[in-house]
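Each chain, letter by letter, is given below.
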Amino acid sequence: MMYSPREYKLKSDLISNPMKATEFADVLRAARARRGILVMGICNVTPDSFSDGGQAFNEAAACTRIEQMIAEGAGIIDIGAESTQPGLRPVAPAIQIDRALEIVRWASARVCVSIDTTSAEVASACLDAGAHVVNDVSLLADEGVASVCAKANAALVLSHARVPQSKMADFGAYDENAYDDVVVNVLAEWERAAERAQRAGVARSALVMDPGLGFSKSNVHSLELLRRTSEIVSALDVPVLIGASRKSLLTLAAPDTLPVDRLGASIAVAIHAARSGASIVRVHDVGATVQAIDTMRALHTRHPARA
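Residues numbered from 1 in each chain as written. Predicted model: local features only at pLDDT ≥ 70, side-chain atom pairs only at ≥ 80, totals over all residues. Heavy atoms only, no water.

Observations regarding the overall build of the protein
The condition is simple: Numbering of helices and strands starts at the N terminus; helices are DSSP runs of H or I of at least 4 residues and strands are runs of E of at least 2. Summary of the burial criterion: residues with accessible area below 20% of their type's maximum are buried, those above 50% are exposed, and those between are partly exposed, where the area comes from a 1.4 Å probe applied to protein chains only. What makes two residues a contact is simply this: any of their non-hydrogen atoms within 4.5 Å. Shrake-Rupley sampling with a 1.4 Å probe provides the accessible areas, and residues are treated as covered by the protein chains on show and by no other component.
For the protein, the helix and strand inventory stands at 11 helices and 8 strands. Relative to its 307 residues, the protein shows a buried fraction of 54%. Expressed as a percentage of contacts within the protein between residues at least 6 apart in sequence, the contacts between residues at least 24 apart total 69%. Here the protein displays about 13400 Å² of accessible surface, and carbon together with sulfur accounts for 52% of that area.

Points about the packing of helix α10 (residues 263–275) against helix α11 (residues 286–299)
For the record, the criterion: Working convention: axes come from line fits to C-alpha atoms, limited for helices to the stretch in contact. Angles between N-to-C directions cover 0 to 180 degrees. The scheme is simple: roughly parallel for angles under 35 degrees, roughly antiparallel for over 145, roughly perpendicular for 65 to 115, oblique for anything else. When the near helix sits turned anticlockwise from the far one by under a right angle, the crossing is termed left-handed; a clockwise turn instead gives a right-handed crossing. Ten residues, namely Ala, Val, Leu, Ile, Met, Phe, Trp, Tyr, Cys and Pro, are considered nonpolar, four, namely Asp, Glu, Lys and Arg, are considered charged, and the remaining ones, Gly among them, are considered polar.
Taken N-terminus to C-terminus, the directions of α10 and α11 make an angle of 45 degrees; their axes are 10 Å apart at the nearest point. Between α10 and α11, the crossing angle belongs to the class labelled oblique. When you trace α10 past α11, the crossing you get is right-handed. Facing Leu263, Ile267, Ala270, Ile271, Ala274 and Arg275 of α10, the residues of α11 in contact are Ala288, Thr289, Ala292, Ile293 and Met296. Of the residues belonging to the contact of α10 with α11, the class tally is 9 nonpolar, 1 polar and 1 charged.

Let's talk about the packing of aromatic side chains
We apply this condition: Centres within 6.5 Å make a pair out of two Phe, Tyr or Trp rings, where for Trp the six-membered ring is used; the pair is then stacked when the planes are under 30 degrees apart, edge-to-face when over 60, and tilted otherwise.
Enumeration according to the criterion identifies 1 aromatic pair in this entry. For the ring pair Tyr174 and Tyr179, a centre distance of 6.2 Å and an interplane angle of 40 degrees mean the geometry is tilted. Residue Tyr179 is classed as buried on the basis of its relative accessible area, which comes to 8%.

Let's talk about the sheet that holds strand β7 (residues 241–242)
How we decide: In this scheme, strands are said to pair when DSSP sees at least two bridges between them.
Strand order in this open sheet of 8 strands is β6-β5-β4-β3-β2-β1-β8-β7, and the pairing throughout is parallel. Of all the strands in the sheet, the pair left with one neighbour each is β6 (207–210) and β7. Strand direction decides the pairing type here: strand β3 (residues 112–116) and strand β4 (residues 133–136), joined by 3 bridges, are parallel. Its bridge partner being in β4, Ser114 is matched across the sheet by Val133. Along the sheet, helix α2 (residues 20–35) makes contact with β1 (38–44), β2 (76–80), β3, β4, β5 (155–159), β6 and β8 (280–283), crossing β1 at roughly 120 degrees. Here α11 sits on the sheet and contacts β1 and β8; the angle it forms with β1, its principal contact strand, is near 170 degrees.

A short note on the environment of Leu241
Secondary-structure assignment places Leu241 in strand β7. Look at Leu241 and you get buried, because its relative accessible area is 0%. Measuring from C-alpha to C-alpha, the distance between Leu241 and Ala278 comes to 6.1 Å, with 37 residues separating the pair along the chain. Contact partners of Leu241, with chain neighbours within four places excluded, come to Met40, Val157, Val208, Met209, Asp210, Pro211, Ile280 and Arg282.

Some points on α10
Going by this rule: Each residue after the first adds 1.5 Å to the expected span of a helix.
Between the first and last C-alpha of α10 there are 18 Å, a value that for 13 residues agrees with the 18 Å anticipated at 1.5 Å per step. Within α10 the residues assigned to the buried category are Ala265, Ser266, Ile267, Val269, Ala270, Ala273 and Ala274. Considering only its buried residues, α10 is in contact with α8 (219–227), β7, β8 and α11.

What to know about the pairing of β6
Here β6 shows no split at all, with Leu207 and Met209 on one side and Val208 and Asp210 on the other all buried. In the sheet, β5 pairs with β6 via 4 bridges, with the strands oriented parallel. From the neighbouring strand, Leu158 faces β6, where its bridge partner is Met209.

Some details on the confidence of the model for the protein
So the rule is basically this: Within a predicted model, pLDDT stands for the predictor's per-residue confidence, ranging from 0 to 100.
Confidence in the prediction of the protein, expressed as mean pLDDT, is 88, and 86% of residues score 70 or more. Every residue in residues 1–17 scores below 50 in pLDDT, and together they form 23 contacts with partners more than four places removed in sequence or on other chains.

Describing the pattern of salt bridges
For the record, the criterion: By convention in these notes, a salt bridge is any Lys or Arg side-chain nitrogen within 4 Å of a carboxyl oxygen on Asp or Glu.
A full pass over the atoms with the stated rule returns 14 salt bridges. Arg282 serves as the salt-bridge partner of Asp116, at 3.3 Å between the closest nitrogen and oxygen. Remark: Arg282 occurs in strand β8 and Asp116 occurs in strand β3; sequence separation between them is 166 residues. On the basis of relative accessibility, which here comes to 15%, the residue Arg282 falls in the buried class. Connected through shared salt-bridge partners, Asp181, Glu224, Arg227, Arg228 and Glu231 make up one network.

Following this line, the structure appears as structure tokens:
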């Protein structure tokens, strides 16, 4: 792939900056000042992701998608090279790196990037290539992920889960009696993982909490977590990320819909997340989400009367 001299400089500056978490915090702060929430665009460089598998499964397609999401208002891009569809076998770190590394390197010259992985090996390679954030959907099943983030001064998203997605039978197929109070239990389990990350050297200020909608939860559990987003936000001193875009929990309100047909439900959740105090919303449909959130803010902001 060819870079202009300016792009090489941008890329070099990002990789050499030892304070990745600080740069991420600056991006988050600016986005919240502008529209109340940071919009994270999803780029799955996989052939089998539940909603858009294969659509960005080559370098050119991924770069085109990333450029589009940046233009639509994404302040951070989440790049993943392993599908979290229930029942799929884990993807070897070497394959994830082969799929994602050059895309991460290219994207990091343009925008803040997170790498969606549960592997310390993948996280290390992608942070070296310019990523600022690791998005770990396993709640630190591999504690090496925290050590890698600490060494790179990177931010770490800890998403709640109890078991790997490879052991989930189906979307939302989790024991309805698995939690006494899903919010209380998820917060307690997340805090234990956060303590482990901090012992590994990750600053508390570099952590982000994701309640893990759809991960080790039934659709009812996930909907309850969403309903109580403001309670989760109030209980924590770290940013909260909500990722419900196109997920099966939305079929509780939009039954018999395919993932790509859940745009309205996904936007409703994004607006709810923003109004409930969440700091980040992770979405497939950046343009529509940004438009909806900005319109919501305009409707709730008093403007000076025109002369």
